[in-house]
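Topology and contacts: notes
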Amino acid sequence: MAEMRVLIIDDEEVIREGVQRALSNRGYVIAKAENGEAGIEMIRDQGFDIVLLDLMMPGIDGFGVLEWVKEHQPQIEVIVITGFATVSKAVSAMKQGAFDFVGKPFTPDYIRIVVSRAADKIKLERETHRLREEHTLNIATIQNEQSRLKTVFGCMAEAVVITDNTGVVVHHNPAAIKILEIQTDPVIGKDIAQSILDTNAVEMVHQAMAKQVVVTREFQPGTISRKYLRAHCAPVTSESGRVIGSVTAFEDISTHKEIDRMKSDFVAMVAHELKSPLASVEQMIYALQVGCKYESGQACSTMHKRITVRTRDLLRMIDNLLNLSKMENGTVEFNLEPVRGHEVLDHILDVVREQAENKEITIAYMPSDEDWWFNVDYDHIRTAFMNIISNALKYTPQGGRVEIATTVIGGFANLSVQDSGIGISDEDLPHIFDRFFRVKGKATRHITGSGLGLSLVKEVVEAHQGYIDVHSELGEGTCFTLSFPITEPVKATPEHVAAEAQPG
Ligand code: ADP
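The structure reproduced in this document is the subject of the present report. Treat the numbers as computed from the prediction; the structure is a model and nothing was measured.

With that settled, consider the pairing of strand β17 (residues 477-485). Counting buried residues along β17, eight of its nine residues qualify, which places the element largely inside the surrounding structure. In terms of strand pairing, strand β15 (residues 412-419) meets β17 through seven bridges, oriented antiparallel. Residue pairing for β17: Asn414 is matched across the bridge by Ser483. Here strand β16 (residues 467-473) pairs with β17 via seven bridges, running antiparallel. Bridged to Ile468 within β17 is Leu482. Counted along the chain from β16 to the antiparallel partner β17, the turn is three residues long, and its residue Gly475 has a positive phi close to 80 degrees.

Below, the structure is given as structure tokens:
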């Protein structure tokens, strides 16, 4: 603590010197003033902790100085010095706020005692003030900390449930109600078993507290809630090590689990989808190598055709996979150019006719009377059209019919593909554009596929400002319509004409 600064104000030099001597070497910094005016001046300029003040002085007397001090620097402790005959004056000085008084003549010891008492009082006041400030600061820090924790707690995506050492819930965050699908109201104040209706979860909380260890468990959908949950339960201990409760955080891991499942399904699906056609291609190649000498040319050419179809299917699937992954990570490039719609369809029809013939499916192609162009990436659009038309053939049984028509209405070209196939139920219809979604049932059991074709079609169509419409009747057939804004045809420039005129 800083040294006490003491000012002696007295017009009698003997008193000033006497007091100074009495207080010297006691750790005080002492200054002297010979009258009231000088004293006030020094207090104003230098600041003091204790003032020893003579009441009887010419000019401003002790009462005047005391009044000034109490008005301007009330923290200073004033000890008045009075003659014996003036005790009543000392008393009124005390009433005006003086700390104590010393009667003349005084002994050095007495002066020391009175000043030391004033110094103790000042020190005590300072300490009280410091403690009060510290206390206020601590309360503010705790309040800030609490408010911070409350915000974190409230914003947490994980469900958090806090219990006391008997398992009664003392706190939970809003996510707890949502994730744990708690129906109890209120949750706080009741045993955790009333809100979390799963014995394993309740047992986990008691185990964490009994063994004083963190317990981690996973809960399947249908146990605590409809979600897949991972819980970490930790005991809370007091400073003395006594268990005073538990904190359990529940994390919704349904998405992770779903991704894991999709990943496994995907690997299994890709392995199967690649393996079975490759195996049959390999067999056909072997049969060609061994048997071509003996088989008729017709049989060999059928096998060649089958190999080509199978290989094309495989390549299409790999293309779908690669394109989807590119679209997902944003690295896909669309090279837009004006393309003649019927040209894309003519190429596709050349390819799929063979597939149709194998299943004796009739393809009816009804192009619009007028030609139309659209501004698209040729390869991506071709894949999208191909996916829709191959699906129509794939999901239409032997001997069925597929109608492909184009129309131009209101600045849009529409491609509709109507099949007489197995159809899609109202329940499955909203999911067919989801990645990896495949209708599961008797009718689709033996039809192979990846569940990626339509999701790619949707991505491509939307990337070209188009839209898709689908109608289906279970057991009757399905109609997909893809619509795109049309564009102006490319004008033939002299260079085009010249290029087209080149032979070959
Ligand atoms: P897949 O590779 O399984 O054909 P798609 O993404 O192309 O994958 O199609 C998703 C699902 O939508 C298919 O598994 C099938 O159940 C259904 N589907 C698509 N097109 C048709 C259609 N023309 N007729 C009946 N069902 C269809």
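This part takes up helix α1 (residues 13-23). Residues three or four positions apart in an α-helix share a direction because the helix packs 3.6 residues into each turn. The complete set of buried residues in α1 reads Ile15, Arg16, Gly18, Val19, Ala22 and Leu23. End-on, the buried residues of α1 take up no more than an arc of 165 degrees, which puts them together on one face. Facing away from the buried side of α1 by over 90 degrees, the exposed positions are Val14 and Arg21. Buried residues along α1 sit against β1 (4-9), β2 (28-33), β3 (50-54), β4 (77-83), β5 (100-104) and α5 (108-155). The positive-phi residue at the C-terminal boundary of α1 is Asn25, with phi of around 60 degrees.

Below, the discussion takes up the sheet that holds strand β9 (residues 229-237). Here five strands make up an open sheet; going across it, the order is β7-β6-β10-β9-β8 and the pairing antiparallel. What marks the edges here is a single partner per strand, and that holds for β7 (169-172) and β8 (215-219). The mean angle between the axes of side-by-side strands here comes to 20 degrees, regardless of whether they run parallel or antiparallel. Note: β8 against β9, five bridges, orientation antiparallel. Residue Arg217 lies in a different strand from β9, and its bridge partner there is Ala231.

A word on the nonpolar core. In terms of nonpolar packing, the biggest core is built from 44 residues, with Phe374, Phe385 and Ile404 touching the most fellow members. At the level of elements, α10 (297-328), α11 (341-358), β13 (373-376), α12 (378-394), β14 (401-409), β15, α13 (453-463) and β17 are the ones that each hand at least two residues to this core. Top element by residues in this core is α12. It accounts for nine residues. Those residues in contact with Ile404 that lie beyond four places of it in its chain are Leu345, Leu349, Ile363, Ala364, Tyr365, Met366, Ile389, Leu415, Ser416 and Val417. Grouped together as the second largest cluster of nonpolar side chains are 25 residues, Ala175, Ile182, Met204 and Cys233 included.

So, on to the site of the ligand. Near the ligand you find 20 residues, and of these Asn391, Tyr395, Arg438, Ser450 and Leu454 are the closest. The contact in question runs from an oxygen atom of the ligand to an N or O atom on the side chain of Tyr395, over 2.7 Å. The fraction of the free accessible surface of the ligand (530 Å²) that becomes covered by protein chains is 98%. Judged by its atoms lying within 2 Å of the grid points, the ligand is housed in the largest pocket. Counting residues per element, the ones that place at least two in the shell around the ligand are α12, α13 and β17. The element contributing the most residues to the shell around the ligand is α12, with three residues. Considered class by class, the residues forming the shell around the ligand number ten nonpolar, seven polar and three charged.

A few words now on the packing of aromatic side chains. Summed over all chains, the structure comprises six aromatic pairs. For the ring pair Trp372 and Phe374, a centre distance of 5.0 Å and an interplane angle of 80 degrees mean the geometry is edge-to-face. Residue Trp372 shares its accessibility class with Phe374, and that shared class is buried. Members of the aromatic cluster, each reached through a chain of ring pairs, are Trp372, Phe374, Phe385 and Phe484. Of note, Arg5 hangs over the ring of Phe48, and the distance from its end group to the ring centre comes to 5.2 Å.

Strand order in the open sheet formed by five strands is β2-β1-β3-β4-β5, with parallel pairing between adjacent strands. A single partner strand is all that each edge strand has here, and the edge strands are β2 and β5. Sheet twist, expressed as the average angle between the axes of neighbouring strands with direction ignored, equals 20 degrees. Bridge analysis of β4 against β5 gives five bridges, and the strand direction is parallel. Across the sheet, Thr82 pairs through a bridge with Gly103, a residue of β5. Contacts between α1 and the sheet are confined to β1, β2, β3, β4 and β5, with β2 contributing the most and set at about 180 degrees to the helix.

There is about 1300 Å³ of room inside the largest pocket. Along the walls of the largest pocket sit 49 residues, with Lys394, Tyr395, Ile447, Thr448 and Gly449 positioned nearest its centre. Listed by contribution, the elements that provide at least two residues to the lining of the largest pocket are α9 (254-291), α10, α11, α12, α13 and β17. Residue contributions to the lining of the largest pocket peak at eight residues, all from α10. Classifying every residue of the lining of the largest pocket by side-chain character gives 19 nonpolar, 19 polar and eleven charged.

What follows deals with the pattern of salt bridges. Scanning the model with the defined rule gives 24 salt bridges in all. When the shortest N-O distance is used, the salt bridge between Asp54 and Lys104 registers 3.6 Å. Placement of Asp54 in strand β3 and of Lys104 in strand β5 is noted, with a sequence separation of 50 residues between them. For Lys104, a relative accessible area of 17% corresponds to the buried category. Two residues, Arg130 and Glu134, come together in a salt bridge whose shortest N-O distance is 2.9 Å. Placement of both Arg130 and Glu134 in helix α5 is noted, with a separation of four residues, approximately one turn of the helix. On the basis of relative accessible area, Arg130 is assigned to the partly exposed category, the value being 37%. Connected via shared salt-bridge partners are Glu218, Arg230, Glu251 and Lys257.

Calculation rules
- Residues numbered from 1 in each chain as written.
- Predicted model: local features only at pLDDT ≥ 70, side-chain atom pairs only at ≥ 80, totals over all residues.
- Heavy atoms only, no water.
- Buried < 20%, exposed > 50% of the residue type's maximum accessible area, 1.4 Å probe, protein only.
- Helix = DSSP H or I, 4+ residues; strand = E, 2+ residues; numbered from the N terminus.
- Pairing = 2+ DSSP bridges.
- Arc of directions from axis to C-beta.
- Contact = heavy atoms within 4.5 Å.
- Axes fitted to C-alpha atoms, helices over the stretch in contact; angles between N-to-C directions.
- Core = buried A, V, L, I, M, F, W, Y, C linked by side-chain atoms within 4.5 Å.
- Near = heavy atom within 4 Å.
- Polar contact = N/O pair within 3.5 Å; in protein donor to acceptor, adjacent residues only side chain to side chain.
- Areas by Shrake-Rupley, 256 points an atom, 1.4 Å probe, with all protein chains shown as cover.
- 1 Å grid on protein atoms, 1.4 Å probe; cavity = no way out; pocket = protein on both sides within 12 Å on 5 of 7 lines; lining within 4 Å.
- Sits in = over half its atoms within 2 Å of the grid points.
- Nonpolar A, V, L, I, M, F, W, Y, C, P; charged D, E, K, R; others polar.
- Phe/Tyr/Trp six-rings, centres within 6.5 Å; stacked < 30°, edge-to-face > 60°.
- Lys NZ or Arg CZ within 6 Å of the ring centre and 35° of its normal.
- Points joined across faces, edges and corners; volume = space filled by probe spheres on them.
- Salt bridge = Lys/Arg side-chain N within 4 Å of Asp/Glu carboxyl O.

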